Amino acid sequence: AQLVESGGGLVEPGMSLKLSCAASGFTFSSYVMRWYRQAPGKERELVAAVTSVGGSTDYADSVQGRFTISRDNVKNTVLLQMNSLKPEDTAVYYCNAINFITAVQYWGQGTQVTVSS
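Residues numbered from 1 in each chain as written. Predicted model: local features only at pLDDT ≥ 70, side-chain atom pairs only at ≥ 80, totals over all residues. Heavy atoms only, no water.

(A) Spotlight on the pairing of strand E9 (residues 91–98). Burial analysis of E9 places seven of its eight residues in the buried class, which makes it a mostly covered element. Relative to E9, strand E4 (residues 32–38) runs antiparallel, the two sharing seven bridges. For tryptophan 35, the partnering residue across the bridge sits in E9 and is cysteine 95. Pairing of E9 with strand E11 (residues 111–115), which is carried by three bridges, proceeds in the antiparallel orientation. When the sheet's bridge partners are listed, alanine 91 is paired in E11 with valine 113. Here E9 pairs with strand E10 (residues 105–107) via three bridges, running antiparallel. The residue bridging isoleucine 98 from the neighbouring strand is glutamine 105, located in E10. Here E9 folds back onto E10 in antiparallel fashion, the turn holding six residues, of which alanine 103 has a positive phi close to 70°. (Buried < 20%, exposed > 50% of the residue type's maximum accessible area, 1.4 Å probe, protein only. Helix = DSSP H or I, 4+ residues; strand = E, 2+ residues; numbered from the N terminus. Pairing = 2+ DSSP bridges.)

Written out as structure tokens, the structure is:
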């Protein structure tokens, strides 16, 4: 099983980025998909989650209204659209897949997002 993130980079405050996570090697549609982030010196935190069929999403308070998570169960991808980025959004962003019935989960390698002027 593999999760591969892409789309990170360096942007100025107020700009947007879209992260993508491509999944392979497991039954994507059976997994809740989540984005986490970890800033230097801080614990990894949950940013956003989308249910297996995409009917429900959840966000950290810090990104509510600015970030949007979505998934495509045909292309086996999950996206994180990030708008109105702030310096405090700077972190390595990780894609995570979890099946709450089997407790199996997978992690991507992470992609760096830096918000700075």
